[in-house]
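These are the residues of each chain, in order.
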Amino acid sequence: MGLTSQSVGRAARKGGLVIKKEKEDDLVVALAGNPNVGKSTLFNALTGMRQHTGNWPGKTVTNAVGYAKADERGIVLVDLPGCYSLSARSAEEEVARDFILDGGADAVVVVCDGTCLERNLILVLQILRITSRVVLCVNLLDEAAKKHIAIDLDKLEKTLGVPVIGTAARSGEGLSEVLAAVVRVAEDPPQSVYTVGEATFSEEETLQSVRIAEEISRTVLCLPPGDTSMRDRKIDKILTGKVWAFPTMFLFLLGIFWLTIEGANYPSGWLSDLLFSLEVPLLRLFSWAPWWVGGILVQGAYRVTAWVVSVMLPPMAIFFPLFTLLEDLGYLPRVAFNLDKCFQKCRACGKQALTMCMGFGCNAAGVVGCRIIDSPRERLIAMLTNTFVPCNGRFPTLIAVITMFFAGGAFAGAVGLAALIVLGVLVTLGVSWVLSHTILKGIPSSFTLELPPYRRPQIGSVIVRSVLDRTVFVLGRALVAAAPAGVLIWIFANVTVGGETILAICTNFLHPFAVHFGLDGVILMAFILGLPANEIVFPIIIMAYVSGGTLTEMGDLVSLRTLLVANGWTWITAVCTLLFSLLHWPCATTLMTVRKESGSVKWAVASFLIPTLVGLTVCFAVANIAKLFI
């Protein structure tokens with residue numbers, strides 16, 4: 001159960017963050033460490049589900065706070081952002097340093113990776129300069145054992161002068177010892193020769209920490225002969241090499257999309273049948289009311305909501321776990337490494353590759369992920385271009401059009417979809433280059449990118465994180481927009497003016513403009529009405545063509561293709577619809593997220609106008625060039 005205002009009786013401000021306690025004598029403990037040391041795994045293991053997330057005051061840096069117990073003593077754990085030092089070169093390092101410097105914690109647990117202890121000790125030594133209320137947690141001892149790395153924990157404890165606990169957080173080894181040590185150091189602070197009470201973290205002090213870390217490592221580590229990371233390096237020669245890096249990325253992308261398309265077909269159909277079978281009973285509930293009441297609430301709000309759930313939930317339930325699996329495996333940092341040079345040439349940040357990957361599931365989630373980019377200029381570039389990676393809501397339109405006009409079967413559809421994704425990445429790079437040379441000029445910043453060792457994914461953790469943190473989050477946002485959109489669509493399709501529905505009037509008005517871009521008035525109007533949720537674009541197209549008053553779908557793709565061709569679709573229409581679906585404006589949820597993350601309406605408007613202009617320009621060029629050859 002998470003920490004809520006109902007369950008927590010007391011609150012105190014520590015290091016700028018309001019900490020809620022259950023009891024007055026609860027300890028506030030900071031959890032610090034380098035990225036990729038298993039810190040989040042340790043945090044989750046210690047707190048279970050008793051945690052909540054938020055932002056640091058005045059920052060876009062995310063925090064996580066959880067509750068644990070050592071015997072009867074309550075411990076409030078604050079998960080600090082992963083950082084390599086306290087030199088405050090980034091927002092994450094600034095937050096971690098300030099929380100420790102301001103006395104925000106009664107104790108600090110520093111998590112290290114047992115397979116690369118020397119590099120991690122630099123942060124340990126910097127924290128020890130501030131406080132001796134430190135517990136060193138040497139994590140991933142199971143992986144260290146596999147690599148035949150032995151660590152003399154007793155000697156390390158005597159050298160540093162603070163408790164050192166060995167753990168394997170995945171299996172729960174050493175967790176109770178960590179909590180017991182935390183209580184000891186909080187009540188009776190140890191003495192460490194490295195504690196000076198204050199530190200500037202100058203370049204000289206950092207270098208000194210690096211000499212010291214090397215010396216300590218030599219005395220406490222027993223390494224096997226040869227290179228223990230040889231396996232990872234052999235794999236990286238393929239996954240990050242000049243020849244195979246990008247083909248391998250394409251194959252991974254292709255595999256994920258094929259599994260998503262193939263696996264989502266049947267559950268999506270079952271879910272659709274179930275939800276739409278409830279329409280008739282729901283309409284009967286409103287039989288006493290005027291006809292339009294049931295129309296708005298059931299055929300409008302409920303039908304669109306049911307459509308969004310049946311279309312979005314199965315693909316997300318497959319895509320997000322697969323995506324999280326690659327993250328857990330250690331492959332996503334390799335993607336960022338491969339694309340770093342491309343983004344550097346565009347004067348953008350290599351971390352944009354990671355936020356771009358997040359956009360596959362949801363562009364709003366990708367925009368939130370831009371918080372990992374330190375430079376405000378580069379963060380804006382990433383937010384403004386994230387929509388060029390198609391989100392889960394655009395997949396139904398892309399897959400249906402590709403399958404009907406250009407390919408047959410899940411594999412061919414996956415190839416076509418993957419090719420479109422590559423085009424989206426190229427457009428992202430191109431627009432990033434234009435922005436960095438015009439309205440967002442600047443020199444690209446440098447950042448430290450660590451390639452973590454390949455690890456066996458935790459299947460249980462992957463499912464929980466992907467389903468709860470991503471699938472439910474994205475689906476919830478889509479549902480908030482879907483119900484009001486359903487009401488609006490029903491009104492447009494059923495209210496008549498001069499014998500014509502509002503929908504027909506609008507599509508006829510837009511048609512002369514839309515044909516210049518290889519579209520028609522119905523397609524363009526569907527994209528406009530689909531602003532709340534991209535999932536409803538194609539159903540609106542079908543509804544307008546069959547002149548129905550409610551959102552609908554055809555029985556199969558063959559009959560759907562016949563309907564589209566009868567309404568003037570050609571291969572040019574199909575290509576331009578694919579391109580506009582890929583490149584058009586973001587959904588309302590993403591626009592609101594850009595407004596919140598950037599703190600400016602101006603940039604939210606820019607995030608709408610930029611892809612709109614790009615999409616219309618590309619469609620205009622393709623449509624008019626194609627007509628020259630017909």
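An account of the accompanying structure is given in this report. (Residues numbered from 1 in each chain as written. Predicted model: local features only at pLDDT ≥ 70, side-chain atom pairs only at ≥ 80, totals over all residues. Heavy atoms only, no water.)

## Considering the overall build of the protein chain
Here is the rule: Each helix is a run of DSSP H or I of at least 4 residues and each strand a run of E of at least 2, with the numbering of both proceeding from the N terminus. The classification of residues rests on relative accessible area computed with a 1.4 Å probe and restricted to protein chains. Under 20% of the type maximum is buried, over 50% is exposed, and intermediate values are partly exposed. By the convention used here, residues are in contact when the closest approach between their heavy atoms is within 4.5 Å.
Within the protein chain, the regular secondary structure consists of 25 helices and 13 strands. Per-residue burial for the protein chain yields a buried fraction of 53% across its 630 residues. Across the protein chain, every contact between residues at least 6 apart in sequence was considered, and the portion connecting residues at least 24 apart equals 73%.

## Here's the deal with the environment of Lys23
Relative to the elements of secondary structure, Lys23 occurs in the loop between β2 (17–21) and β3 (27–33). Exposure remark for Lys23: the relative accessible area of 39% places this residue in the partly exposed category.

## Topic: the pattern of salt bridges
Note on pairing: side chains with opposite charge can pair once their charged atoms come close. The line we're drawing: Put simply, a salt bridge is a Lys or Arg side-chain nitrogen that is within 4 Å of an Asp or Glu carboxyl oxygen.
For the structure on display, the rule yields eight salt bridges. Across the pair Glu187 and Arg73 runs a salt bridge, and its minimum N-O distance is 2.6 Å. Taken together, the residues Glu187 in helix α6 (residues 175–187) and Arg73 in strand β6 (residues 73–79) connect sequence positions 114 residues apart. In this structure Glu187 comes out as exposed when scored by relative accessible area, which is 54%. Judged by relative accessible area, Arg73 falls into the buried class, the value being 18%. Salt-bridge contacts for Asp98 lead to Arg97; the nearest nitrogen and oxygen are separated by 2.9 Å. Residue Asp98 is classed as partly exposed on the basis of its relative accessible area of 24%. Note on Arg97: relative accessible area 22%, which makes it partly exposed. Within the structure, one salt-bridge network assembled from shared partners comprises Asp25, Arg73 and Glu187.

## Quick look at the packing of helix α3 (residues 117–130) against helix α7 (residues 203–220)
In plain terms, the rule: Where helices are involved, their axes are fitted lines through C-alpha atoms of the stretch in contact, as for all axes, and angles between N-to-C directions lie from 0 to 180°. Here the word oblique covers every angle except those under 35 degrees (roughly parallel), over 145 (roughly antiparallel) and from 65 to 115 (roughly perpendicular). Definitions for this section: a left-handed crossing has its near helix turned counterclockwise from the far helix by less than a right angle. A right-handed crossing has that turn clockwise. Amino acids are sorted into nonpolar (Ala, Val, Leu, Ile, Met, Phe, Trp, Tyr, Cys and Pro), charged (Asp, Glu, Lys and Arg) and polar (every other residue, Gly among them).
Here α3 crosses α7 at 125°, and the two axes come no closer than 8 Å. Between α3 and α7, the crossing angle belongs to the class labelled oblique. Crossing hand, α3 versus α7: right-handed. Each of Leu117, Glu118, Leu121, Ile122, Leu125, Gln126 and Arg129 in α3 lies in contact with α7, whose residues at this interface are Glu205, Thr206, Gln208, Ser209, Val210, Ile212, Ala213, Glu214, Ile216, Ser217 and Val220. Split by residue class, the contact of α3 with α7 holds nine nonpolar, five polar and four charged.

## Some details on the packing of aromatic side chains
Condition: Working definition: rings of Phe, Tyr and Trp (its six-membered ring) pair if their centres are within 6.5 Å, and the pair is stacked with planes under 30 degrees apart, edge-to-face with planes over 60 apart, and tilted otherwise.
Applying the stated criterion across every chain yields a total of ten aromatic pairs. Ring geometry for Tyr266 against Trp270: centres 6.4 Å apart, planes inclined by 35°, an arrangement best described as tilted. Within this pair, Tyr266 and its partner Trp270 are both found in helix α9 (residues 245–276), separated by four residues, close to a single helical turn. Each of the two residues, Tyr266 as well as Trp270, counts as exposed. With a centroid separation of 5.5 Å and an interplanar angle of 50°, the aromatic rings of Trp291 and Trp490 are classed as tilted. Residue Trp291 is found in helix α11 (residues 291–329), and its partner Trp490 is found in helix α18 (residues 459–494); the two are separated by 199 residues along the sequence. The class for Trp291 is exposed, based on a relative accessible area of 63%.

## Regarding the packing of helix α5 (residues 153–160) against α7
Packed helix pairs are specified by the crossing angle of their axes together with the interaxial distance, meaning the distance between the axes. Closest axis-to-axis distance for the α5/α7 pair is 9 Å, and the angle between their directions is 145°. Seen along the crossing, α5 lies across α7 with a hand that is right-handed. Touching Lys155, Leu156, Thr159 and Leu160 of α5 are Ile216, Thr219 and Val220, all from α7. Within the contact of α5 with α7, the residues separate by chemical class into four nonpolar, two polar and one charged.

Shape descriptors only; they carry no functional weight alone.
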